[in-house]
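# Residue-level structural notes
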Amino acid sequence: MTQRALLLVDIQNDFCAGGALAVAEGDSTVDIANALIEWCKSRGDAVLASQDWHPANHGSFASQHGVAPFSTGKLDGLAQTFWPDHCVQNSDGAALHPLLNQQAIDEVFRKGEDPNIDSYSAFFDNDHRKATALHGWLQQHGIRELIVLGLATDYCVKFSVLDALKLGYVVSVITDGCRGVNIQPQDSTQAFMEMAVEGATLYTLADWQETH
Ligand code: VGL
Ligand code: ZN
């Protein structure tokens, strides 16, 4: 049985070109994701995806508070960046990218459904109040090692990786398969450094393929 899973973080239309919270070059993650999907499938590894999945009145939306997108404040006592409305449940923007090889995905884990708390990590909401089903699924399948890529480097990729490390997974991050929001220009670089400091190994796709 495989002990490894590929985790595709939030490769959704709203984070790609033309989307509500478009990340620069977000679409360029798709080719890297598809290459790794093929690589993982050929080795019997699991392929998983997370999906940001907000109700239309989600408290992370600037529109709910009459404030400017990308401003900061508090949501239910927690520091919060307020975002443009994005990844609204069942909208086109919330769909996984159409060129992503979705047929190969074994399981999709949704997050961000509670209007009162944001959920960057694929494992827990931002205050670790509630868990998604991801950790349980991985445990059930005997998986201890994760390959992670997707959107956005400085939010959902970062917090998913940090939680995975805290939970004891061996984590490899495919850096060219990630793109960041970069509210501050260095945010993604800093996020990769934090992931590495906490124990993730960073690879480009080419590095990964050469060494595995
Ligand atoms: C994300 C901001 C808000 C992400 C999700 O997927 O990184 N970022 N919601
Ligand atoms: Zn979101």
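What counts and how
- Residues numbered from 1 in each chain as written.
- Chains lettered and ligands numbered in written order.
- Predicted model: local features only at pLDDT ≥ 70, side-chain atom pairs only at ≥ 80, totals over all residues.
- Heavy atoms only, no water.
- Donors = N, O, S within 2.8 Å, 3.2 Å for Na, K, Ca; no water.
- Helix = DSSP H or I, 4+ residues; strand = E, 2+ residues; numbered from the N terminus.
- Buried < 20%, exposed > 50% of the residue type's maximum accessible area, 1.4 Å probe, protein only.
- Pairing = 2+ DSSP bridges.
- Axes fitted to C-alpha atoms, helices over the stretch in contact; angles between N-to-C directions.
- Near = heavy atom within 4 Å.
- Polar contact = N/O pair within 3.5 Å; in protein donor to acceptor, adjacent residues only side chain to side chain.
- Areas by Shrake-Rupley, 256 points an atom, 1.4 Å probe, with all protein chains shown as cover.
- Phe/Tyr/Trp six-rings, centres within 6.5 Å; stacked < 30°, edge-to-face > 60°.
- Arc of directions from axis to C-beta.
- Contact = heavy atoms within 4.5 Å.

All of the protein donors around the zinc ion (ligand 2) are D52 (OD), H54 (NE2) and H86 (NE2); their distances to the metal are 2.0 to 2.2 Å. Donor residues for the zinc ion (ligand 2), ordered by position in the chain, follow D-x1-H-x31-H. Pair noted here: H54 is in the loop between strand 2 (46-52) and strand 3 (72-75) and H86 is in the loop between strand 4 (78-81) and strand 5 (107-111), with a separation of 32 residues, a long-range link. Neither residue differs from the other here; H54 and H86 are each classed as buried.

With that settled, the discussion passes to the sheet that holds strand 8 (residues 201-203). Strand order in this open sheet of six strands is 5-2-1-6-7-8, and the pairing throughout is parallel. Looking along the sheet, the strands with just one partner apiece sit at the ends: strand 5 and strand 8. If you compare each strand with its neighbour and ignore which way they point, the axes differ by 25 degrees on average. Bridging between strand 2 and strand 5 involves five bridges; their strand directions are parallel. Considered in strand 5, the bridge of A49 is made with V108.

Quick look at the site of ligand 1 now. Contacts to ligand 1 come from D10, F15, L21, D52, W83, H86, Y120, L151, A152, Y155 and C156. Note that a nitrogen atom of ligand 1 is positioned 3.0 Å from one of the side-chain N or O atoms of H86. Here an oxygen atom of ligand 1 and a backbone polar atom of A152 are 2.9 Å apart. Contact with the protein chains covers 100% of the free accessible surface of ligand 1, which is 260 Å².

How two aromatic rings sit relative to each other is set out by the distance from centre to centre and by the angle between their planes. All chains considered together, the criterion is met by nine aromatic pairs. Taking the centre distance of 5.9 Å and the plane angle of 90 degrees together, the rings of F70 and W83 count as edge-to-face. With F70 in the loop between strand 2 and strand 3 and W83 in the loop between strand 4 and strand 5, this residue pair connects regions lying 13 residues apart in the sequence. The partly exposed category is assigned to F70, whose relative accessible area is 38%. A relative accessible area of 2% means that W83 is categorised as buried.

For helix 4 (residues 187-197), every residue scored as buried is listed here: D187, S188, A191, F192 and M195. All buried residues of helix 4 fall inside an arc of 135 degrees around its axis, so they share one side. Pointing more than 90 degrees away from the buried face of helix 4 are the exposed residues M193 and V197.

We now examine helix 3 (residues 153-166). The buried fraction of helix 3 amounts to twelve of the 14 residues, a majority that puts the element mostly inside the structure. For helix 3, the full list of buried residues reads T153, D154, Y155, C156, V157, K158, S160, V161, L162, D163, A164 and L165. Its buried side turned inward, helix 3 meets strand 1 (4-9), strand 4, strand 5, strand 6 (145-151), strand 7 (170-179) and helix 4. Looking one or two residues beyond helix 3, the residue adopting positive phi is G168, at roughly 95 degrees.

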